[in-house]
Amino acid sequence: MSPQKMSVRRVAVVGGARIPFARSDGPYATASNQQMLTAALDGLVERYGLQEPGAVGEFVAGAVLKHSRDFNLARETVLGSRLHPTTPAYDIQQACGTGLQAVIAAANKIALGQNESAVAGGADTASDAPLGVNDTLRRILLEARRAKSPGGRVKALAKLRPAHLVPDVPRNAEPRTGLSMGEHAAVTARAWGIRREAQDELAAASHQRLAAAYERGFFQDLVVPFRGLARDQNLRPGSTVEKLASLKPVFGLGHPDPTMTAGNSTPLTDGAATVLLASEEWTHDRGLEPLAYLTAYETAAVDFVGGDVADGEDGLLMAPAYAVPRMLERVGLGLADFDLFEIHEAFASQVLATLAAWEKRGLGAVDRARLNVAGSSLATGHPFAATGARIVATLAKLLAERDAPARGLISVCAAGGQGVTAILERA
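A brief structural summary.

Rules used in this analysis
Once a new chain begins, its residue numbering starts again from 1 and follows that chain's sequence as written. Confidence filtering applies because this is a predicted model: local features only for residues at pLDDT of at least 70, side-chain atom pairs given and counted only at 80 or more, and all residues used for totals across whole chains, interfaces and linings. To obtain the side-chain values, all non-hydrogen atoms of the structure were used and water was disregarded. Working definition: helices are DSSP H or I runs of at least four residues, strands are E runs of at least two. Numbering for both runs from the N terminus. The rule is simple: take the accessible area with a 1.4 Å probe, protein chains only, and divide by the maximum for that residue type; under 20% is buried, over 50% is exposed, in between is partly exposed. Surface accessibility in these figures is a Shrake-Rupley result with a 1.4 Å probe; residues are shielded only by whichever protein chains are displayed. In this tally, Lys and Arg are treated as positive and Asp and Glu as negative; His is ignored, and so are the chain termini. The location of each charge is read from NZ of Lys, CZ of Arg, CG of Asp or CD of Glu. Stacked, tilted and edge-to-face pairs are distinguished by plane angle, under 30 degrees for stacked and over 60 for edge-to-face with tilted covering the rest, among Phe, Tyr and Trp rings (Trp via its six-membered ring) whose centres lie within 6.5 Å. A patch is a set of surface residues, each over 30% in relative accessible area and not in a salt bridge, joined within 9 Å for like charges and within 5 Å for the nonpolar side chains Val, Leu, Ile, Met, Phe, Trp and Tyr. For salt bridges, the criterion is a side-chain nitrogen of Lys or Arg within 4 Å of an Asp or Glu carboxyl oxygen. Throughout, a contact is declared for two residues whenever any of their heavy atoms are within 4.5 Å. Here, expected helix span is obtained from the residue count minus one, scaled by 1.5 Å.

### Some remarks on the overall build of the protein
Counting its regular elements, the protein contains 14 helices and 12 strands. In terms of principal-axis extent, the alpha carbons of the protein reach across some 75 × 60 × 55 Å. Among the 427 residues that make up the protein, the fraction classed as buried is 55%. Carbon and sulfur atoms form 53% of the exposed surface of the protein, whose accessible area is close to 17900 Å². For the protein, the centre of its 44 positive side-chain charges and the centre of its 45 negative side-chain charges are spaced 7 Å apart.

### A word on the packing of aromatic side chains
Across all of its chains, the model carries 5 aromatic pairs by this definition. Between Tyr 28 and Phe 226, the aromatic rings sit 5.0 Å apart at their centres with planes inclined by 65°, giving edge-to-face as the arrangement. Separated by 198 residues along the polypeptide, Tyr 28 in the loop between strand 2 (22-23) and helix 1 (33-48) and Phe 226 in the loop between helix 7 (196-215) and helix 8 (241-245) bring together distant segments of the chain. Comparing Tyr 28 with Phe 226 shows no difference in burial state: the two are buried.

### Side note on a nonpolar patch on the surface
A cluster of nonpolar residues, Leu 141, Leu 157 and Leu 160, forms a patch on the protein surface that exposes about 220 Å² of accessible area. Counting through the fold element by element, Leu 141 comes out in helix 4 (residues 135-146). Among the residues examined, Leu 141 registers a relative accessible area of 42% and is labelled partly exposed.

### Description of the environment of Val 412
Summarising the element assignment, Val 412 is placed in strand 11 (residues 406-414). Judged by its relative accessible area of 1%, Val 412 is buried. Sequence separation between Val 412 and Glu 345 is 67 residues, and the spatial gap between their C-alpha atoms is 8.3 Å. In contact with Val 412, other than residues within four places in its own chain, are Cys 96, Gly 97, Leu 100, Pro 320, His 344, Ile 391, Gln 418, Gly 419 and Val 420.

### A word on helix 7
Note: α-helices contain 3.6 residues per turn, so residues at a spacing of three or four share the same orientation. With 20 residues, helix 7 ought to run about 28 Å at 1.5 Å a step, and its terminal C-alpha atoms sit 29 Å apart, in line with that. Looking one or two residues past helix 7, Gly 217 carries a phi angle of roughly 80°, positive in sign.

Structure, rendered in structure tokens:
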């Protein structure tokens, strides 16, 4: 007998909750991934009354910078939160795409009828980054452990030197190239001819739009105060192109006319974000109005090792240049069919290069008035695994504010030459 054909249901974005994002080594310096993620999750649970058994079918979340104690981060977060302890949970990780991939993973089960509701999200702390044991020290200790006699252990430990006590500190660098993400972005900026002034304009707009969104109360039901913060700490409401122009470049210094500064690049950030997804039946039964629906998603990867190092156009953060065209072709849409665009601002140069790539591939231009209208990562900061959930919740609410049916596109670049994209719609 042939298996019964499964119907695919619409997946609603019900709402989100996140803590304000903080600069590393600041207010959250002593907060762990689990503590931050628990605070964001508790805010969502309280807002939507999710305390009872079975209220949430699953919790999917992750972090990029993880201690060994975070090996079961999502489940431990559930156990320390107001969510019922019988809620299953699992971790997911795809660098900066983690939060959006968590949303996609949770949405797939809802679409197939395996869950009625789920929470997705992520957390990251650059302040509490794990320090690894020096690899030589690790090998010596393992040799001592394997020794069959006290004399063998002493012989192994006698190899120890003071230099072996220096820990391995995580580096923001690609293992295949040794270049930091900023240095890779500088290569891409040169390849695409991205101007310094254009980067500063985009960065200033991000701060100004985020400030305006806070002032009008947009984040009142999206942001949960945590450790003395009620707003994103990186926000600079007074940012202008003129002020940003005074900053010195920090990436691409080995080439003429470097353009990337601390002002048009995201800072190291701590934070966590969550988003509630559900079937239409679940929202109806609870008397909730969906903000929007997740209708399509696509991932892609590029050969940045060959492309970036050769000053090509397929840089480390350019995978959305391929994911978006594929997704739009599959669903029969063009950029002109979208009312809003949310492009993760890892660097202003990366956003501008992505827009240029879409134009080059025949998708047309994006109206800047529709791009990141409530600010984005340059202003909020970027706790790697939290950004995707932040963007989904923000875009869903922006769509819900519009009187007419609306559609929004999400584009997130990620380390490893990957990209995660999605479409949200409000009927």
